[in-house]
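# An overview of the molecular structure
Chain by chain, the residues:
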Amino acid sequence: MALLEAKNVDYFYQDGDQRRFILKDTTVSFEKGRFYTILGQSGSGKTTLLSLLSALDSPKAGEILYNGENIQKIGYEKYRRDDISIIFQSYNLIPYLSAAENVQVPMAITDNKLPDDKKAVAYNLLDYIGITRDKADRLVNQLSGGEQQRVAIARALATNVDIIMADEPTGNLDEEMEQEIVDIFKELAHKHGKCVIVVTHANEIAQQADDVLYLRKGVLKTHE
Ligand SMILES: Nc1ncnc2c1ncn2[C@@H]1O[C@H](COP(=O)(O)OP(=O)(O)O)[C@@H](O)[C@H]1O
Ligand SMILES: [Mg+2]
């Protein structure tokens, strides 16, 4: 059984009495231990698809299944809190907290069973992702863009979920930093068994995935 599935999903905007379809009858499934990229031009619906997979919005038709269960039945809030993590292009960190405090935020909210010493977990995750102890104690706006995105990745790992999604996570980074972040995603999938789903418009990132999905005119296809 797939870990995450979209089944016959439609999404559209109502424009007068017209429906402008962003996604049409989209069916796709995702497994553990694989790194997926969703490629498509600006405006092709990548963010829309990710927001449906992450329960930030609901499909107009069809369903999203996590471990075979409709996420609406699981409950959108519970699903977002306990089952997935998202990484955004603009990091979305809390500016008045340190890196280590940012990583602990989702740990305070989740029902997932985690080690008691949450602070130690945060420092360990940051260390794993390449943020040294002195940087971990800095306010996040005193870190570079690449470092802030690493903090966001550590935060995504903090609740020990299976699914990590990212929306154009390297869009604000230079090429070298971009490759380092992509290498982290590969390692999360291949060494730690995560299901990693990254939305991008960059072909050089997309081609490094185990599976490349291409979104065009509302239709999602395996990339040829
Ligand atoms: N609130 C909205 N009303 C109407 N159209 C919208 C709205 N939000 C997004 N769109 C349109 O939906 C399409 C898909 O957007 P999006 O999923 O953000 O694409 P991508 O992430 O691939 O750039 C775009 O054409 C965008 O203009
Ligand atoms: Mg987008």
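Refer to the structure above for everything that follows.
Here is what the cut-offs are and how they apply
- Residues numbered from 1 in each chain as written.
- Chains lettered and ligands numbered in written order.
- Predicted model: local features only at pLDDT ≥ 70, side-chain atom pairs only at ≥ 80, totals over all residues.
- Heavy atoms only, no water.
- Helix = DSSP H or I, 4+ residues; strand = E, 2+ residues; numbered from the N terminus.
- Rg over C-alpha atoms; globule rule 2.2 N^0.38 Å.
- Buried < 20%, exposed > 50% of the residue type's maximum accessible area, 1.4 Å probe, protein only.
- Contact = heavy atoms within 4.5 Å.
- Areas by Shrake-Rupley, 256 points an atom, 1.4 Å probe, with all protein chains shown as cover.
- Lys, Arg positive; Asp, Glu negative; His and termini not counted.
- Charge placed at Lys NZ, Arg CZ, Asp CG, Glu CD.
- Core = buried A, V, L, I, M, F, W, Y, C linked by side-chain atoms within 4.5 Å.
- Pairing = 2+ DSSP bridges.
- Near = heavy atom within 4 Å.
- Polar contact = N/O pair within 3.5 Å; in protein donor to acceptor, adjacent residues only side chain to side chain.

### With respect to the overall build of the protein chain
In terms of helices and strands, the protein chain carries nine helices and 10 strands. Relative to a compact globule of 224 residues, whose C-alpha radius of gyration would be 17 Å, the protein chain shows 17 Å and is just as compact. Looking at the 224 residues of the protein chain, the share that counts as buried comes to 51%. Relative to all contacts within the protein chain whose residues are 6 or more apart in sequence, the contacts with residues 24 or more apart total 72%. When the accessible surface of the protein chain is summed, it comes to about 11000 Å², and 44% of that surface belongs to carbon and sulfur atoms. Counting 26 positive and 34 negative side-chain charges, the protein chain places the averaged centre of each group 3 Å from the other.

### A few points about unusual backbone geometry
Positive phi values are uncommon outside glycine, yet A55 reaches one of about 60°. Take A55: it is sitting in the loop between helix 1 (46-53) and strand 4 (61-66). Relative accessible area serves as the criterion here: at 1%, A55 is assigned to the buried category. The backbone of K217 sits at a positive phi, close to 50°, despite the residue not being glycine.

### What to know about the nonpolar core
Ranked by size, the top nonpolar core spans 44 residues in total, and within it F35, I87, V103, L126, V151, I153 and F185 carry the most contacts. Listing elements by their share of this core, those giving two or more residues are strand 3 (35-39), helix 4 (99-109), helix 5 (118-128), helix 7 (145-157), strand 7 (163-167), helix 8 (175-190), strand 8 (195-200) and helix 9 (203-206). The residues touching L126, leaving out its near neighbours within four places in the chain, are A99, A100, V103, I131, A136, V151 and A154. If you look at the next biggest cluster of nonpolar residues, it comprises 32 residues, including Y11, L49, Y79 and I163.

### Quick notes on the environment of T26
By secondary structure assignment, the location of T26 is in strand 2 (residues 18-30). With relative accessibility at 3%, the residue T26 sits in the buried group. Taking the C-alpha atoms as reference, T26 lies 6.4 Å from L220; in sequence the two are 194 residues apart. If we ignore the near neighbours within four places in the chain, the residues touching T26 are A6, K7, N8, V9, L49, G218 and L220.

### Considerations on the pairing of strand 9 (residues 211-216)
Examined bridge by bridge, strand 3 and strand 9 share four bridges and lie parallel to one another. Paired with T37 across the strands is V212, a residue of strand 9. Sheet analysis places strand 9 next to strand 10 (residues 219-222), joined by four bridges and oriented antiparallel. Residue pairing for strand 10: L215 is matched across the bridge by L220.

### Here we look at the site of ligand 1
Within the structure, ligand 1 sits among Y13, R20, I22, Q41, S42, G43, S44, G45, K46, T47 and T48. Between ligand 1 and the protein, one listed contact pairs a nitrogen atom with a side-chain N or O atom of Y13 at 3.0 Å. For ligand 1, whose accessible area on its own is 570 Å², the fraction buried by protein is 59%. The element best represented in the shell around ligand 1 is helix 1, accounting for three residues.

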